[in-house]
Amino acid sequence: MRRGRPGAPPRGTAERTLTSVGTGEEAVREERSAERPGAAQQAPEGGRREASRLWHITLSVSGAKAPLNEVRRALEQLAHDHPFLLTSRYATDHAEIRYWEEARDLHDAAAVALRLWGEHRSTAKLPPWEIVGLEVIDRETYHQRLAEGYGPPPASPVGVHPF
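## Regarding the packing of aromatic side chains
Then, number 1: Taken as a whole and judged by the stated rule, the model has 2 aromatic pairs.
Then, number 2: With 5.0 Å between their ring centres and 80 degrees between their planes, Trp 100 and Tyr 142 make a pair best called edge-to-face. Within this pair, whereas Trp 100 is found in strand β7 (residues 94-103), its partner Tyr 142 is found in helix α4 (residues 139-147), the two being separated by 42 residues in sequence.
Then, number 3: On the accessibility criterion, Tyr 142 (6% relative accessible area) is buried.
Then, number 4: On the basis of an interplanar angle of 5 degrees and a centroid distance of 6.2 Å, the ring pair of Trp 117 and Trp 129 is categorised as stacked. With a gap of 12 residues between them, Trp 117 in helix α3 (residues 106-120) and Trp 129 in the loop between α3 and β8 (130-138) connect regions that are remote in the sequence.
Then, number 5: A relative accessible area of 1% places Trp 117 in the buried class.

Rendered as structure tokens:
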């Protein structure tokens, strides 16, 4: 399944389409292949395609002050609409969202992350803030940072919390 708008791909994305994650037996095969870095998979049409990998996303947004209870409610709605969110931290004028994204490569993971706030702005009634930061790291780097004592601790408790 193709993610995004129908029609011609946006400028600079020739031959790149975002795809959704498979389910069932196909997902198990993808997960096993993803354990081998750089592994390619057979596409349903018989061609080769790159394996999906997990990417840890940290998205930072900020803007004009908004009532704290409205920010919390909006982030809770976003977590409901986008069930892969791990945790959100918020204040009256900024928020940080952390979650895992499955994508073929960093470019796809970043593209999906950069669209998250805008695509859910009206449905979740998110504040009209702009994205001011984005970090996308692969699973191995995330765990390496944790093992070395760097980076944020694992997202627990999961949910929406004030800074």
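Don't stop here, the text continues.
## Quick notes on the environment of His 94
Then, number 1: One can find His 94 in strand β7.
Then, number 2: Between the alpha carbons of His 94 and Phe 163 there is a distance of 9.4 Å; along the sequence they are 69 residues apart.
Then, number 3: In contact with His 94, other than residues within four places in its own chain, are Val 61, Ser 62, Arg 89, Trp 129 and Phe 163.
Then, number 4: Of note is the side chain of His 94, whose polar atom sits 2.7 Å from the side chain of Asp 93.

## Thoughts on the sheet that holds β7
Then, number 1: With respect to topology, 5 strands assemble into an open sheet ordered β8-β5-β7-β6-β9, the strand pairing being mixed. The sheet is open, and its two edges are formed by β8 and β9 (159-162), each paired on a single side. Pairwise comparison of adjacent strand axes, ignoring direction, gives a mean angle of 15 degrees for this sheet.
Then, number 2: In the sheet, strand β6 (residues 85-90) pairs with β9 via 4 bridges, with the strands oriented parallel. By the bridge assignment for β9, Tyr 90 is matched with Pro 162.
Then, number 3: Against the sheet, α4 touches β5 (53-62), β7 and β8, its axis set at about 90 degrees to β8.

## Description of helix α2 (residues 68-81)
Then, number 1: With 14 residues, α2 extends 20 Å from end C-alpha to end C-alpha; this agrees with the ideal 20 Å at 1.5 Å per step.
Then, number 2: Where α2 is buried, its residues meet β6, β7, α3 and β9.

## Quick word on the nonpolar core
Then, number 1: Among the nonpolar cores identified, the biggest contains 25 residues, and Leu 75, Leu 78, Ile 97 and Trp 117 are the most heavily contacted of them.
Then, number 2: Counting only elements with at least two residues in this core, the list comes to β5, α2, β6, β7 and α3.
Then, number 3: Of all the elements, α3 adds the most residues to this core, at 5 residues.
Then, number 4: Setting aside residues up to four positions removed in sequence, Leu 78 forms contacts with Leu 85, Ile 97, Leu 116, Trp 117, His 120, Ala 124 and Leu 126.

Here is what the cut-offs are and how they apply
- Residues numbered from 1 in each chain as written.
- Predicted model: local features only at pLDDT ≥ 70, side-chain atom pairs only at ≥ 80, totals over all residues.
- Heavy atoms only, no water.
- Phe/Tyr/Trp six-rings, centres within 6.5 Å; stacked < 30°, edge-to-face > 60°.
- Helix = DSSP H or I, 4+ residues; strand = E, 2+ residues; numbered from the N terminus.
- Buried < 20%, exposed > 50% of the residue type's maximum accessible area, 1.4 Å probe, protein only.
- Contact = heavy atoms within 4.5 Å.
- Polar contact = N/O pair within 3.5 Å; in protein donor to acceptor, adjacent residues only side chain to side chain.
- Pairing = 2+ DSSP bridges.
- Axes fitted to C-alpha atoms, helices over the stretch in contact; angles between N-to-C directions.
- Expected span 1.5 Å × (residues − 1).
- Core = buried A, V, L, I, M, F, W, Y, C linked by side-chain atoms within 4.5 Å.

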